[in-house]
Amino acid sequence: MLFVSGEKPERFPKALAAGADLVCIDLEDAVHPDFKHAARQQVLDFARAHRGAPLAVRLNQLRGPEGLRDLLALAESGAVLDWLLLPKVEHPDDLSLVHAVAGHAFHQLMPLIETPLGLQHAPVMAAMARTDAPKLAGLMLGGADLSVELGCAFSWDGLLHARGALVAAARRTGLQVWDVPHLDLTDLDGLRDETRRVAALGFTCKSAIHPTQVAPIHEAFLPPQADVAWAQAMLEAEAAHHTGAFIFQGKMVDPPVLAKARRVLRMAGAAS
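This is a predicted model, so every value here is computed, not measured. (Residues numbered from 1 in each chain as written. Predicted model: local features only at pLDDT ≥ 70, side-chain atom pairs only at ≥ 80, totals over all residues. Heavy atoms only, no water.)

Remarks on the packing of helix α3 (residues 65-77) against helix α4 (residues 92-102)
To describe two helices that pack against each other, one gives the angle between their axes and the distance between the axes.
Right, so step 1: The interhelical angle for the contact between α3 and α4, taken along N-to-C directions, is 35 degrees, at an axis separation of 9 Å. Every residue of α4 that contacts α3 at Leu71, Leu72, Leu74 and Ala75 is listed here: Val98, Val101 and Ala102.
Right, so step 2: Of the residues belonging to the contact of α3 with α4, the class tally is seven nonpolar, no polar and no charged. (Axes fitted to C-alpha atoms, helices over the stretch in contact; angles between N-to-C directions. Helix = DSSP H or I, 4+ residues; strand = E, 2+ residues; numbered from the N terminus. Contact = heavy atoms within 4.5 Å. Nonpolar A, V, L, I, M, F, W, Y, C, P; charged D, E, K, R; others polar.)

Let's talk about helix α7 (residues 156-171)
Because each turn of an α-helix spans 3.6 residues, side chains separated by three or four positions end up pointing in the same direction.
Right, so step 1: The axis of α7 is deflected most strongly, by about 25 degrees, at Ala162.
Right, so step 2: Among all positions in α7, only Trp156, Leu159, Ala162, Arg163, Leu166, Val167, Ala169 and Ala170 are buried.
Right, so step 3: Of the residues flanking the start of α7, the one acting as N-cap is Ser155, its side-chain oxygen 3.2 Å from the backbone nitrogen of Gly158. (Bend = angle between axes of the 7 residues up to and from the residue. Buried < 20%, exposed > 50% of the residue type's maximum accessible area, 1.4 Å probe, protein only. Polar contact = N/O pair within 3.5 Å; in protein donor to acceptor, adjacent residues only side chain to side chain.)

Here's the deal with the sheet that holds strand β5 (residues 106-113)
Right, so step 1: The strand order β1-β2-β3-β4-β5-β6-β7-β8 describes an open sheet built from eight strands, whose pairing is parallel. Both outer strands of the open sheet, β1 (2-5) and β8 (205-206), are each paired with one neighbouring strand and no more.
Right, so step 2: The pairing of β1 with strand β2 (residues 23-26) spans four bridges and is classified as parallel. Paired with Phe3 across the bridge in β2 is Cys24. (Pairing = 2+ DSSP bridges.)

Topic: the nonpolar core
Right, so step 1: The biggest cluster of nonpolar side chains holds 62 residues, and the ones touching the most others in it are Leu84, Leu86, Leu95, Val98 and Leu166.
Right, so step 2: Element by element, the count of residues in this core is highest for α7, at seven residues.
Right, so step 3: One finds Phe3, Cys24, Trp83 and Met110 within the second-largest nonpolar core, a separate group that totals 13 residues. (Core = buried A, V, L, I, M, F, W, Y, C linked by side-chain atoms within 4.5 Å.)

Overview of the pairing of strand β7 (residues 176-179)
Note on strand geometry: in a regular strand, side chains alternate between the two faces of the sheet.
Right, so step 1: Pairing between strand β6 (residues 138-141) and β7: three bridges, direction parallel. Note on β7: the bridge partner recorded for Gly138 is Gln176.
Right, so step 2: Pairing of β7 with β8 involves two bridges; the strand directions are parallel. Within β8, the position partnered with Trp178 by the bridge is Cys205.
Right, so step 3: In this fold, the crossover linking β7 to β8 by way of helix α8 (residues 188-201) has right-handed handedness. (Right-handed = clockwise from strand over helix to strand, strands pointing away.)

Structural notes on the environment of His218
Right, so step 1: In this structure, His218 sits in helix α9 (residues 214-221).
Right, so step 2: Placed 27 residues apart in sequence, His218 and Leu191 show a C-alpha to C-alpha distance of 11 Å.
Right, so step 3: Only 2.8 Å separates the side chain of His218 from the side chain of Asp21, close enough to count as a polar contact.

Details of the pairing of β6
Right, so step 1: Side chains Gly138 and Met140 project from β6 onto one buried face, and the interleaved Leu139 and Leu141 project onto a second face that is buried too.
Right, so step 2: Bridge count for β5 against β6 is two bridges, and the pairing is parallel. Paired with Ile113 across the strands is Leu141, a residue of β6.
Right, so step 3: Considered for its hand, the β-α-β crossover made up of β5, helix α5 (residues 116-127) and β6 is right-handed.

Distances and angles like these do not, on their own, reveal function.
Structure, rendered in structure tokens:
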């Protein structure tokens, strides 16, 4: 997912042409407080007229005046977003409120977990996908803000616990889990390494803040060809055996191993 500033409408088409799977126009951190009103209007006007590639919008924090203005404006805009992103979500009731006020204006909802309280409530939020928040489709790590709140380094080691906790919460109810952007635009090797690591943890998306990051992210999500060949051969062996468990390349294969093989092939198809 590629972020683009809501202050820069001339960049919206460029972002949509950059090859990302999803573009998110940001009304929160990327917009100066003095320009919130103007950005809100131009973003919703663009979203209402947009057709084609998937589009998301990140609102301002819901428990604040700008976020409430964003939500009401979206509800009345006539736009229908593919994804709605909510920053700094801490309370499960906020997800119900968004559905009640503007559920007609988006297809899928993604809250950003950016505080210790939000991380604590993440399992409860994820469970709401089965009840009061049926459009909830995942949880996203807001690592920069969370690292400040936790007093930890904005680094792999500093956020490893939070990443693991978020994956566990999201996967419990089958939701997607998205990762924070890599902020160093000059460090594409570091971006690839971090993306491979979050994919290994179970993350399904890495966000980006510049078009040059899109191709390295796609590359990093692509499983190694050796893993793809292993998965294909194992599933072919399964079809030949017709048993609950069997031996493949000298090792016992049971349903969890087969599930891993199917996930490798899904990731290979998605990344390519």
